[in-house]
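Coordinates in review
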Amino acid sequence: MAFPFAFLSLSLVSLPLLAAAALGCDRPGRSAGPVPAPPSVAPAPAREEAAQAADGGGAPAAAAGDAAAAAAGAAPLRADAPFVELPVEGFPSAVVSVPIGATARRPVLIASHGNYDRPEWQCQVWRDIVGDGVFVLCPRGVARPDSPSASDVRFTYESNARLEQEIDAGLAALRARFPEHVDPGAVLYTGFSLGAIMGSAIAARRAALFPRLVLVEGGHDKWTPATAKAFADGGGQRVLFVCAQSGCSAAAAAAAARLDKAGVLVRVARSKEAGHRYDGPVAEETRRALDWLIDGDPRW
């Protein structure tokens with residue numbers, strides 16, 4: 001079914017920033033239904049500490065599409081709106097940005113949100129970044145009991161293992177719903193803050209599925225020499241760190257050095273100082289670096 005937020009403008013309006021957040025803390029998200037654009041604000045440090053505690057501390061890209069399907073030509077993908085709700089077995093429904101009108105298999109991008117955030121926010125920002133030619137699958141996670149109101153529910157992820165299960169279930173649901181249009185190959189993983197933290201751990205053990213990563217404002221400390229080597233040995237190819245704060249940039253540079261030593265191509269993109277956020281200038285910086293990230297993958 002189509003999401004009621006499909007009417008939202010592609011432009012994002014940022015509210016004034018709160019106090020600077022620690023690396024890994026996460027921006028609030030947007031509620032379901034008619035609501036204002038997402039504020040670029042980080043939650044209180046206590047929320048981030050709880051989120052990091054919940055994490056437990058602790059295949060090369062496929063060729064484009066299926067040859068037979070491409071030769072026959074799939075029927076144009078139809079949807080009532082650019083964003084759809086996707087039921088996911090065993091988990092809350094995901095949000096998906098769909099490539100309306102696609103007649104061939106299109107790649108999938110996972111967009112994992114931060115703590116006290118919403119999947120709708122991530123899907124909107126990433127559709128703005130990559131356009132309307134790919135699937136953007138945004139896992140929901142679990143509702144936070146301290147959400148602002150019943151009409152403005154915010155979400156988090158319980159652990160990287162649980163997020164991994166939710167992504168697998170979401171990919172299965174997406175392929176079942178759009179069997180002629182979803183590319184079966186490697187998936188581009190992106191995550192903001194908590195999503196980046198947990199995504200680093202997931203990718204280190206699932207590099208064949210997630211060989212290329214975009215980690216925004218988080219996910220640096222997970223890259224030890226051992227996890228960097230595991231990612232490289234498993235087929236990991238490229239990692240893009242995107243930062244909007246000086247502290248993030250320093251931590252990302254250290255992680256980049258470990259990944260580079262392991263043989264992974266890595267880049268740190270730095271927007272102007274903008275606080276702990278992923279929209280606005282951070283999204284623009286991500287868009288500028290995207291060509292480097294997807295270079296050599298013919299599906300994009």
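Above this note sits the structure.
Description of the structure in this document. Because the structure is predicted, anything quoted here is derived from the model rather than measured. (Residues numbered from 1 in each chain as written. Predicted model: local features only at pLDDT ≥ 70, side-chain atom pairs only at ≥ 80, totals over all residues. Heavy atoms only, no water.)

Observations regarding the nonpolar core
Put simply, the rule is: Within this scheme, the nonpolar core is defined by two criteria: the residues are buried Ala, Val, Leu, Ile, Met, Phe, Trp, Tyr or Cys, and they are joined through side-chain atoms within 4.5 Å. Relative accessibility thresholds used throughout: buried, under 20% of the residue-type maximum; exposed, over 50%; partly exposed, between the two (1.4 Å probe, protein chains only). Contact criterion: two residues are considered in contact whenever any of their non-hydrogen atoms come within 4.5 Å of each other.
In terms of nonpolar packing, the biggest core is built from 48 residues, with Phe210 and Trp223 touching the most fellow members. Every residue in contact with Trp223, bar those within four places of it in the chain, is listed here: Ser200, Ala204, Leu213, Leu215, Ala228, Phe231, Phe241, Ala255, Arg258 and Leu259.

Describing the state of the cysteines
As a reminder, the rule being used: A pair of cysteine sulfur atoms is labelled a disulfide when the two atoms are within 2.5 Å. Numbering of helices and strands runs from the N terminus; a helix is a DSSP stretch of H or I covering at least four residues, while a strand is a stretch of E covering at least two.
If you walk through the whole model with that rule in mind, you get two disulfides. With a sulfur-sulfur separation of 2.1 Å, Cys123 is cross-linked through a disulfide to Cys138. Here the disulfide of Cys123 and Cys138 is right-handed, its torsion about the S-S bond being about 115°. In this pair, Cys123 is assigned in helix H3 (residues 119–130) and Cys138 in strand S4 (residues 135–138), connecting sequence segments 15 residues apart. Among the residues examined, Cys123 registers a relative accessible area of 0% and is labelled buried. Shown here is the disulfide that connects Cys243 with Cys248, its sulfur atoms set 2.0 Å apart. Here the S-S torsion is close to -65°, and the disulfide linking Cys243 with Cys248 is therefore left-handed. Pair check on accessibility: Cys243 and Cys248 agree, each one buried.

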